[in-house]
Amino acid sequence: MDAVEDTKARLSVEDVIGEYIQLKRAGSNYRGLSPFSNEKTPSLMVSPQKQIWHDFSSGKGGNMFSFVMEVEGLEFKAALELLARKAGIDLSKYQTSRNAKNSQDKERLFSANDLAAKFYQAHFSKNQDAIDYIFKNRRFSKDMALTFRLGYSPQSGSALNNFMKKNGYSEKELKHAGLLSQNYKSGDMFRGRIMVPLMDVQGRVIGFTARILFSDPNAPKYINTPQTLIYDKSRHVFGLNLAKEGIRKAKFTVVVEGNLDVIASHQVGISQVVATAGTALTEMHLKALSRFTSDVRLAFDQDAAGIAATERAIPIAYKTGVNLSIIDIPTGKDPDELIKKDPSLWEQAINNHIDAQDWLISQYEERADLSSFAGRDQFKQAVLASVKRLESAGEQGLYAKKVANILGYSEEAVKDELRLLKEGRSTYKIARKIEPSIDKSRLEIKKAQDHLMAICLVNQPLRYYLNHIMPDMLSDNHARSLLKFLIENPDYSFDRGTSQELQTIADYVNILSLQYEELYQDLGLLELRNEASRLQVRLIERYVKTKKKLITEALKTTTETKTDELLKEARALDELLKTH
């Protein structure tokens, strides 16, 4: 038994995708507006026959699982769980007894937290102090209170416990869900507090943040659900389930410190805002956000904790391929205060974001006494310690130059000090920032690659255009596998169906087939030959340009023997280009 195949058998790709976007018939296929770009002309195609989809605007495609992973920002396992539930499939039947028990325990915790959220919502509607705080003090609307499922936990020490027991939950289960206190026997974890449910990216309640309603010097302002089987604060991004669409439209996300700041922002239509547990931004948080955008803007408090958090976040951002920037909020203010005064002030602050490294330098500059040698040295060491973590030599040089200009030092002297700092301490291996222009360029090459492969897959006489295409010219393993197959099997006829050897990349082959149907099936052989030739040249030109750039960089530092080899490789690339 295979859970994936059984799920596919019960669901159709057009029904799954149709729950997210409106699909209209286009011959034997369906067409709809891409949820991944702000297009006005539908370019996302769905093939019921092949059970695959392809978005021509973004280059994305695959089966129903890949669509859910993309649109919901889920990993494969979570996408399978979501679709299995839609299909009415019990995944525990496909698991070992241990894994099945773990899945059942998780489902029990999800159920308990959801019921607790309903309990808190019911008590919120009955408590005037809680109502006044949310609607008069915080100025939230009823719609926002319902959308974020705000509630109130009764002051009584066992109200929730008694309610949950009546609904079939044991104290052991409630403790595992983080709903009962570890300090009081049979006591509720949350008492006399405004309850803010924490939801995963699918909108399931996994825990709570609880804010004290009345000031009490002996009680913390906020308390949270402890780590459980379904809640991990180092992974959870508050509000992401409701911010996904806003992030896609804005093409960036804003991370704030407070959950209530998120609600205030969503209320005024700025819905790309999420929060983490304070300033503790982790790699897991950024990875979750990077599934929707590479542009992440932090709106942390402008204090020592905020600076320290930014310092920690910069190398993590580079590692995860995120462009990190800072929203400079006036001292002593938070997003909620700006919104209450004038929502446009918050929007203006978001738009005036500053690159994280530049912001960090400005903060160090403000706090250091640059009139003294000790202060200048402190500033220089602090900045260079951050700069050395950047992998790009160009960026390192840029920031070294900034330090030199600020201090009035020689640029070479600062670069030498940076080099010594790097040699004397371990460095982070960090990925470069991904600029939008690079993304666009990669997409164009991916399209050229796939379109050429589609033409050669369907048209056996045109496969000679693959003779000068090397695996290194292609951007992914699926394309390389198909290239290898077509070269080794020149007589293969696509009309006879997908070969057994292509089953491992069947979805990719089907996507190419869909692209061919949409773009090329009405063209004659001469037109197809011209298009294949153009695409072949495009791939070769890009490959030669990239390789020669690497050779140029290598020639700056290599030995004489290696230089001859590199020059020979460069000449070979020139010959490859001339023949096409």
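Residues numbered from 1 in each chain as written. Predicted model: local features only at pLDDT ≥ 70, side-chain atom pairs only at ≥ 80, totals over all residues. Heavy atoms only, no water.

Asker: I tried to follow the pattern of salt bridges on my own but got confused; where do I start?
Answerer: Two side chains carrying opposite charge are able to pair once their charged atoms lie near each other. As enumerated under the stated definition, the model contains 27 salt bridges in all. The shortest N-O distance in the salt bridge between Glu283 and Lys287 comes to 3.2 Å. Taken together, the residues Glu283 and Lys287, both in helix H12 (residues 283–290) and four residues apart, mark about one turn of the helix. Using a relative accessible area of 23% as the deciding quantity, one classes Glu283 as partly exposed. When its relative accessible area of 42% is taken as the criterion, Lys287 is described as partly exposed. A salt bridge links Lys446 to Asp476, with the shortest nitrogen-to-oxygen separation between them at 3.9 Å. Of the two residues, Lys446 sits in helix H20 (residues 436–458) while Asp476 sits in the loop between H20 and helix H21 (477–488), which places them 30 residues apart along the sequence. Residue class for Lys446 comes out partly exposed when judged on its relative accessible area of 23%. A single network of salt bridges, built from pairs that share partners, joins Asp114, Lys118 and Arg149. (Salt bridge = Lys/Arg side-chain N within 4 Å of Asp/Glu carboxyl O. Helix = DSSP H or I, 4+ residues; strand = E, 2+ residues; numbered from the N terminus. Buried < 20%, exposed > 50% of the residue type's maximum accessible area, 1.4 Å probe, protein only.)

Asker: Got a minute to help me understand the side chain of Asp55 in this structure?
Answerer: Relative to the helices and strands, Asp55 is located in strand S4 (residues 52–55). One buried charge, Asp55, has no salt-bridge partner; the nearest side chain with opposite charge is Lys60, at 6.7 Å. Among the polar contacts made by the side chain of Asp55, one reaches the side chain of Ser57 at a distance of 2.8 Å. Apart from residues no more than four positions distant in its own chain, Asp55 is found in contact with Ser34, Phe36, Ser43, Leu44 and Lys60. (Lys, Arg positive; Asp, Glu negative; His and termini not counted. Polar contact = N/O pair within 3.5 Å; in protein donor to acceptor, adjacent residues only side chain to side chain. Contact = heavy atoms within 4.5 Å.)

Asker: In this structure, what is going on with helix H4 (residues 76–87)? I would like to understand it.
Answerer: What sets the pattern is the α-helix's 3.6 residues per turn: residues three or four places apart point alike. For H4, with twelve residues, the first-to-last C-alpha span of 16 Å sits near the 16 Å given by 1.5 Å per residue. In this structure, the buried side of H4 is in contact with helix H1 (3–10), helix H2 (13–18) and helix H3 (64–72). Phi turns positive, to about 70°, at Gly88, one or two residues after H4. (Expected span 1.5 Å × (residues − 1).)

Asker: When you look at the sheet that holds strand S9 (residues 222–224) in this model, what are you seeing that I'm missing?
Answerer: Strand pairing within a sheet occurs via backbone hydrogen bonds; the two strands may be parallel or antiparallel. Pairing is antiparallel in the open sheet, where four strands are placed in the order S6-S7-S8-S9. The sheet is open, and its two edges are formed by strand S6 (151–153) and S9, each paired on a single side. This sheet shows a mean twist of 35° between the axes of neighbouring strands, independent of strand direction. In this structure, strand S8 (residues 205–212) lies alongside S9, joined through three bridges in antiparallel fashion. Paired with Ala210 across the strands is Ile223, a residue of S9. Helix H11 (residues 259–267) rests against strand S7 (193–199), S8 and S9 of the sheet, and its axis sits at about 75° to S7. (Pairing = 2+ DSSP bridges. Axes fitted to C-alpha atoms, helices over the stretch in contact; angles between N-to-C directions.)

Asker: Can you walk me through the packing of helix H16 (residues 356–367) against helix H17 (residues 373–387) in this structure?
Answerer: Relative orientation and spacing of two packed helices are given, respectively, by the angle between their axes and the distance between those axes. Two numbers describe how H16 lies on H17: the axes approach to 10 Å, and their chain directions differ by 165°. In terms of orientation, H16 and H17 fall into the roughly antiparallel class. When the axes of H16 and H17 are compared, the crossing they make is right-handed. Contacts from Gln357, Leu360, Ile361, Tyr364 and Glu365 of H16 reach H17 at Phe379, Ala382, Val383, Ser386 and Val387. (Parallel < 35°, antiparallel > 145°, perpendicular 65-115°, else oblique. Left-handed = near helix turned anticlockwise from the far one by under 90°.)

Asker: What exactly am I supposed to notice about the environment of Ala280 here?
Answerer: Mapped onto the elements, Ala280 comes out in the loop between strand S11 (273–275) and H12. The spatial distance from the C-alpha of Ala280 to the C-alpha of Lys136 is 30 Å, given a sequence separation of 144 residues.

Asker: Explanation requested: the environment of Thr293 in the structure shown.
Answerer: With respect to the helices, strands and loops of the structure, Thr293 is situated in the loop between H12 and strand S12 (295–299). Separated by 282 residues in sequence, Thr293 and Glu575 place their C-alpha atoms 40 Å apart. Beyond its immediate stretch of four places on either side in the chain, Thr293 contacts Ile247, Lys251, Phe252 and Thr253. There is a polar contact of 2.9 Å between the side chain of Thr293 and the backbone oxygen of Lys251.

Asker: Any chance you could explain unusual backbone geometry here in plain terms?
Answerer: Most peptide bonds are trans, and most residues other than glycine sit at a negative phi. Unlike most non-glycine residues, Arg149 shows phi in positive territory, near 55°. Relative to the assigned elements, Arg149 resides in the loop between helix H7 (142–147) and S6.

Asker: Could you clarify how one ought to interpret helix H10 (residues 240–250) in this entry?
Answerer: Three or more residues of H10 are buried, namely Leu240, Asn241, Ala243, Lys244, Gly246, Ile247 and Arg248. Looking at the packing, one finds that the buried side of H10 touches H3, S7, strand S10 (253–256), H11, S11 and H12. Looking at the residues trailing H10, positive phi occurs at Lys251, about 70°.

Asker: Just checking my understanding: could you explain the packing of aromatic side chains for this structure?
Answerer: For any two aromatic rings, the description comes down to two numbers: the centre-to-centre distance and the angle of the planes. All chains considered together, the criterion is met by 14 aromatic pairs. Ring centres of Phe36 and Phe67 lie 6.1 Å apart, and the angle between their planes is 65°; on these two criteria the pair is classed as edge-to-face. With Phe36 in the loop between strand S2 (29–32) and strand S3 (44–47) and Phe67 in helix H3, this pair connects stretches of sequence that are 31 residues apart. Taken as a pair, Phe36 and Phe67 share a single burial class, namely buried. Here Phe485 and Tyr492 contribute two aromatic rings whose centre-to-centre distance is 5.0 Å and whose plane-to-plane angle is 80°, an arrangement assigned as edge-to-face. Cluster of aromatic residues (ring-pair linked, three or more members): Phe119, Tyr120, Phe163, Phe190 and Phe208. A cation sits over an aromatic face here: Arg204 above Phe110, 4.0 Å from the ring centre. (Phe/Tyr/Trp six-rings, centres within 6.5 Å; stacked < 30°, edge-to-face > 60°. Lys NZ or Arg CZ within 6 Å of the ring centre and 35° of its normal.)

Asker: What exactly am I supposed to notice about the pairing of S10 here?
Answerer: Consecutive side chains of a regular strand alternate in pointing toward one face of the sheet and then the other. The alternating pattern of S10 places Thr253 and Val255 on one face and Val254 and Val256 on the opposite face, and all of these are buried. Here four bridges tie S10 to S12, and the two strands are oriented parallel to one another. Within S12, the position partnered with Thr253 by the bridge is Val296. For S10 and S11, the ladder comprises three bridges, and the chain directions are parallel. If you follow Val256 over to S11, its bridge partner there is Ala275. Handedness of the β-α-β unit built from S10, H11 and S11 comes out right-handed. (Right-handed = clockwise from strand over helix to strand, strands pointing away.)

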